[in-house]
Amino acid sequence: MPAEPDQAVIAQYLDHLWLERGLSDNTRFSYERDLNHFACWLNERKLALQEVVREDLQRHLHWRIEQQLRPSSTSRLLSTLRGFYRFLLREQQIDVDPTLNIDSPKRGRPLPKTLTEADVEALLAAPDTGTALGLRDRTMLELLYACGLRVSELVALRLDELNRRMGVMRVIGKGDKERMLPVGDEALSWLTRYLRDARPELGDDPRVEELFLSQRGQAMTRQTFWHRIKRYALESGIDKPLSPHVLRHAFATHLLNHGADLRVVQMLLGHASLSTTQIYTHIATARLQALHREHHPRG
């Protein structure tokens, strides 16, 4: 527990949060927990909350890095301390705010989860292509992986946006931005089979323009297809965390692993900024490093 003077000033701040800002019990408890942890750390070093200077706070941040505490929790602590010391400054209990010019730690961008090429092969092979639904699902998975589509883009595809003779399709992405994508021979082969053998069985209403149809002959939804992906992942023994973007991430990563140019991948994914695509280079680099360690005599 913090020393009594620290407990008193923390209680004073929490009362302020309730009386003047009307914060919920849960929020105030979160603030109290952060302040108590910081106060205990200070007490071990014979310091009190109201005695803290900027250098003390920097030492604490360095200690958190050594303890490998998450940047997100450190950012939350700094936010709590900024509010706390602004309150003390306003109440004239301190002369200088020690949080001034203290930057929050860079939280970084989480790397997208991805699949190995073997995982993708297992996932693609999971649907029973002897049924109309299985053939539809195999075609959707093939197209998703071959073109790096968002699931929303896949289910929105219309028949008139596919040019099988040229092997390309028109995709309308975020912000109604249009891009032309090569389909690839394998995905094109599955598309031909689906249009010939499965789509007529799923629905023949000429008013439904979408390429992929549900069992009721209507356009597929993102949610329905996502549930199908999770089912096939389970059947194929993939125990990695999956997201609706999983094959899109695999598409980008595998292209880069095989030497594709980053700007080409940016165009294929429909990213407005190259910086959005650059996150995949971290995955590709990690793969190259692992290969180097495994195969190089001095790795």
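Residues numbered from 1 in each chain as written. Predicted model: local features only at pLDDT ≥ 70, side-chain atom pairs only at ≥ 80, totals over all residues. Heavy atoms only, no water.

(A) Region of interest: the overall build of the protein. When helices and strands are tallied, the protein shows 13 helices and 3 strands. Classification of the 299 residues of the protein by burial places 43% in the buried group. At a minimum sequence separation of 6, the contacts of the protein that also span at least 24 residues come to 57%. Looking at the protein as shown, the accessible area adds up to about 17300 Å², and 50% of this sits on carbon and sulfur atoms. (Helix = DSSP H or I, 4+ residues; strand = E, 2+ residues; numbered from the N terminus. Buried < 20%, exposed > 50% of the residue type's maximum accessible area, 1.4 Å probe, protein only. Contact = heavy atoms within 4.5 Å. Areas by Shrake-Rupley, 256 points an atom, 1.4 Å probe, with all protein chains shown as cover.)

(B) Layout of the nonpolar core. The biggest cluster of nonpolar side chains holds 43 residues, and the ones touching the most others in it are Leu 143, Leu 149, Leu 154, Met 169, Tyr 194, Phe 212 and Phe 225. Broken down by secondary-structure element, the contributors of at least two residues to this core are helix 5 (117-125), helix 6 (132-147), helix 7 (151-156), strand 2 (168-172), helix 8 (185-202), helix 9 (222-235) and helix 10 (246-257). When residues of this core are assigned to their parent elements, the largest contribution, 8 residues, is made by helix 8. When sequence neighbours within four positions are dropped, the list of residues in contact with Phe 225 reads Asp 137, Met 140, Leu 141, Leu 144, Val 151, Leu 154 and Met 220. (Core = buried A, V, L, I, M, F, W, Y, C linked by side-chain atoms within 4.5 Å.)

(C) How the structure looks around the pairing of strand 3 (residues 178-182). Here strand 3 shows one buried face, formed by Arg 179 and Leu 181, and one open face, formed by Glu 178, Met 180 and Pro 182. Here 5 bridges tie strand 2 to strand 3, and the two strands are oriented antiparallel to one another. Across the sheet, the residue bridging to Arg 170 is Met 180, located in strand 3. (Pairing = 2+ DSSP bridges.)

(D) Up close: the packing of aromatic side chains. The full count for this structure, using the stated rule, is 6 aromatic pairs. Taking 5.4 Å as the distance between ring centres and 50 degrees as the angle between the ring planes, the aromatic pair formed by Tyr 13 and Phe 87 counts as tilted. A residue pair is termed long-range when its members are at least 10 positions apart, and Tyr 13 in helix 1 (residues 4-19) and Phe 87 in helix 4 (residues 71-90) qualify at 74 residues. Comparing Tyr 13 with Phe 87 shows no difference in burial state: the two are buried. Centre to centre, the rings of Phe 84 and Tyr 85 are 5.0 Å apart; their planes meet at 70 degrees, and the pair counts as edge-to-face. The residues Phe 84 and Tyr 85 share a single accessibility class, namely buried. (Phe/Tyr/Trp six-rings, centres within 6.5 Å; stacked < 30°, edge-to-face > 60°.)

(E) The arrangement of the environment of Arg 21 in detail. Mapped onto the elements, Arg 21 comes out in the loop between helix 1 and helix 2 (25-44). The residues contacting Arg 21, other than those within four sequence positions of it, are Tyr 13 and His 16.

(F) Expanded view of the side chain of Asp 6. Inspection of the secondary structure assignment puts Asp 6 in helix 1. Salt bridges are absent for the buried Asp 6, whose nearest opposite-charge side chain, Arg 45, sits at 12 Å. A distance of 3.0 Å separates the side chain of Asp 6 from the backbone nitrogen of Leu 49, its partner in a polar contact. Residues within four places of Asp 6 in sequence aside, it is in contact with Ala 39, Asn 43, Leu 47, Ala 48 and Leu 49. (Lys, Arg positive; Asp, Glu negative; His and termini not counted. Salt bridge = Lys/Arg side-chain N within 4 Å of Asp/Glu carboxyl O. Polar contact = N/O pair within 3.5 Å; in protein donor to acceptor, adjacent residues only side chain to side chain.)

(G) Examining the sheet that holds strand 3 more closely. Here 3 strands make up an open sheet; going across it, the order is 1-2-3 and the pairing antiparallel. Both edges of this open sheet fall to strand 1 (162-163) and strand 3, since each of them pairs with a single strand only.

(H) Region of interest: a negative patch on the surface. On the surface, a cluster of negative charge is contributed by Glu 117, Glu 121, Asp 185 and Glu 186. Only helix 5 and helix 8 provide two or more residues apiece to the negative patch. Given a relative accessible area of 53%, Glu 121 falls into the exposed group. (Patch = residues over 30% accessible without salt bridge, like charges linked within 9 Å, V, L, I, M, F, W, Y side chains within 5 Å. Charge placed at Lys NZ, Arg CZ, Asp CG, Glu CD.)

(I) Representation of the pattern of salt bridges within the structure. One pass over the structure, following the stated rule, counts 18 salt bridges. Of the charged contacts, one joins Arg 136 and Asp 137 as a salt bridge, the two residues approaching to 2.8 Å between their closest N and O atoms. Close ionic contact of Arg 158 with Glu 161 constitutes a salt bridge, the shortest N to O distance being 3.6 Å. Exposure remark for Arg 158: the relative accessible area of 26% places this residue in the partly exposed category. One continuous salt-bridge network, built from bridges that share partners, spans Arg 158, Asp 160, Glu 161, Arg 170, Glu 178 and Glu 209.

It is worth stressing that arrangement in space is one thing and function is another; only the former is reported here.
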